[in-house]
Amino acid sequence: MPMVKTARALARVLACLCVLAAAVLAAPAATAAAPAAAPRPVVFVHGYNADPGVWGAMREDFTNAGYGQDDLFSFGYDTSRSVNEDLAGQLAAYVDQVRARTGADRVDLVAHSFGSLVTRWYVKYGGGAPAVAHWVSLAGPNHGTATAWACALWSQACRDMTPGSYVTDRLAAGDETPGTVAYATWWSRCDEVINPDSSVPLQGAANHPAGCLAHNDLLGDDGVSQGVRAFLAGP
């Protein structure tokens, strides 16, 4: 009799193990955590009489926030050239290279000062709208700046930045923020280069006051940098 009882107990244990094994096999496999999406490539475009080095502080902020060096690009160009005849086309070729290198279908553009006109012309008239997800202007002379008259005599770029120029008038014509691109601007009430300050904001854009900052200080301001990153992370 003891042997019979032992055999029955073992049978019950084996039956429970079989049921447990069947339940484990039938359960759906645990879903692996989805990898974090890679940041969209960012193309920084400097302003008049500057070079890509002006983006050092902001690029460091971006890398500290999780962007890789392969996600960040700086477009360098001759700032004495014409927005519509030369520079927008050069930017278009550069963006195409970035997209080919990264495999991204779209990039984000972050421009300072005169670079805002170059990037806007590319988006609005240079076929760039489908290739751009977000566009950012820091202290851009989007409706012209009277300060540009000081160098307009010898610089085509300065003539492009004057109020009422062919470039500023064409960019203001019709929809200032065309396509499915998300637009944002940052402007300062203490900007010594952009005159008037109201030149920077655009209809249809998210326009952000940056407080009292000098023209070039927007490039290294922590609050502006954080705001730009938050904007690029949005839809």
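Residues numbered from 1 in each chain as written. Predicted model: local features only at pLDDT ≥ 70, side-chain atom pairs only at ≥ 80, totals over all residues. Heavy atoms only, no water.

Participant: A description of the packing of aromatic side chains should follow, citing residues and the corresponding values.
Facilitator: If you walk through the whole model with that rule in mind, you get ten aromatic pairs. An angle of 85° between the planes, with centres 5.4 Å apart, marks the rings of Phe44 and Phe62 as edge-to-face. Of this pair, Phe44 sits in strand β1 (residues 42–45) while Phe62 sits in helix α2 (residues 56–64), and the two are 18 residues apart along the sequence. Classification of Phe62 by relative accessible area gives buried; the value is 0%. Judged by centre distance (5.4 Å) and plane angle (50°), the rings of Phe75 and Tyr94 are tilted. With Phe75 in strand β2 (residues 72–75) and Tyr94 in helix α3 (residues 83–102), the pair connects residues that are 19 residues apart, well separated along the chain. Linked through ring pairs, Tyr48, Phe75, Tyr77, Tyr94 and Phe114 together constitute an aromatic cluster. Geometry around Tyr125 places Arg170 over its ring, the cationic atom sitting 4.4 Å from the centre. (Phe/Tyr/Trp six-rings, centres within 6.5 Å; stacked < 30°, edge-to-face > 60°. Helix = DSSP H or I, 4+ residues; strand = E, 2+ residues; numbered from the N terminus. Buried < 20%, exposed > 50% of the residue type's maximum accessible area, 1.4 Å probe, protein only. Lys NZ or Arg CZ within 6 Å of the ring centre and 35° of its normal.)

Participant: Explain the pattern of salt bridges to me, using residue names and the numbers behind them.
Facilitator: Evaluated as defined, the whole model comprises four salt bridges. Linking Asp86 and Arg81 is a salt bridge whose minimum nitrogen-to-oxygen distance equals 3.4 Å. You can call Asp86 partly exposed: its relative accessible area is 22%. By relative accessible area, Arg81 is classed as partly exposed at 39%. Close ionic contact of Asp96 with Arg99 constitutes a salt bridge, the shortest N to O distance being 3.6 Å. Of the two residues, Asp96 and Arg99 both sit in helix α3, three residues apart, roughly one turn of that helix. Of the residues examined, Asp96 reaches a relative accessible area of 44% and is grouped as partly exposed. (Salt bridge = Lys/Arg side-chain N within 4 Å of Asp/Glu carboxyl O.)

Participant: Let's hear about empty space enclosed by the protein: which residues, and what values?
Facilitator: One pass over the structure, following the stated rule, counts one cavity of 30 Å³ or more. Lining the largest cavity are Arg120, Val123, Lys124, Leu171, Glu176, Pro178 and Tyr183. For the lining of the largest cavity, the leading source of residues is helix α4 (residues 115–125), giving three residues. A class-by-class count of the residues in the lining of the largest cavity yields four nonpolar, no polar and three charged. (1 Å grid on protein atoms, 1.4 Å probe; cavity = no way out; pocket = protein on both sides within 12 Å on 5 of 7 lines; lining within 4 Å. Points joined across faces, edges and corners; volume = space filled by probe spheres on them. Nonpolar A, V, L, I, M, F, W, Y, C, P; charged D, E, K, R; others polar.)

Participant: Please provide a residue-by-residue account of the nonpolar core, values included.
Facilitator: In terms of nonpolar packing, the biggest core is built from 38 residues, with Val43, Leu91, Leu109, Phe114, Tyr122 and Val123 touching the most fellow members. Every element with two or more residues in this core is listed here: β1, β2, α3, β3 (107–112), α4, β4 (132–138), α5 (156–161) and α6 (166–172). Non-local contacts of Phe114, meaning those with residues more than four positions away in its chain, are made with Gly47, Tyr48, Tyr77, Thr79, Arg81, Val83, Leu87, Pro141, Ala157, Asp160 and Met161. The next biggest cluster of nonpolar side chains, apart from the first, holds 22 residues, and it includes Phe62, Ala182, Val224 and Leu232. (Core = buried A, V, L, I, M, F, W, Y, C linked by side-chain atoms within 4.5 Å. Contact = heavy atoms within 4.5 Å.)

Participant: Can you break down the side chain of Ser113 residue by residue, with the values?
Facilitator: Considering the arrangement of structural elements, one finds Ser113 in the loop between β3 and α4. Apart from residues lying up to four places away in sequence, Ser113 is in contact with Gly47, Leu138, Ala139, Gly140, Pro141 and His215.

Participant: An account of the packing of α3 against α4 is requested, with residue identities and associated values reported.
Facilitator: The interhelical angle for the contact between α3 and α4, taken along N-to-C directions, is 75°, at an axis separation of 9 Å. Taken together, the axes of α3 and α4 lie roughly perpendicular to each other. Across the interface between the two elements, Val83, Asn84, Leu87, Ala88, Leu91, Ala92 and Val95 from α3 touch Leu117, Val118, Thr119, Trp121 and Tyr122 from α4. For the contact of α3 with α4, a count of residues per class yields ten nonpolar, two polar and no charged. (Axes fitted to C-alpha atoms, helices over the stretch in contact; angles between N-to-C directions. Parallel < 35°, antiparallel > 145°, perpendicular 65-115°, else oblique.)

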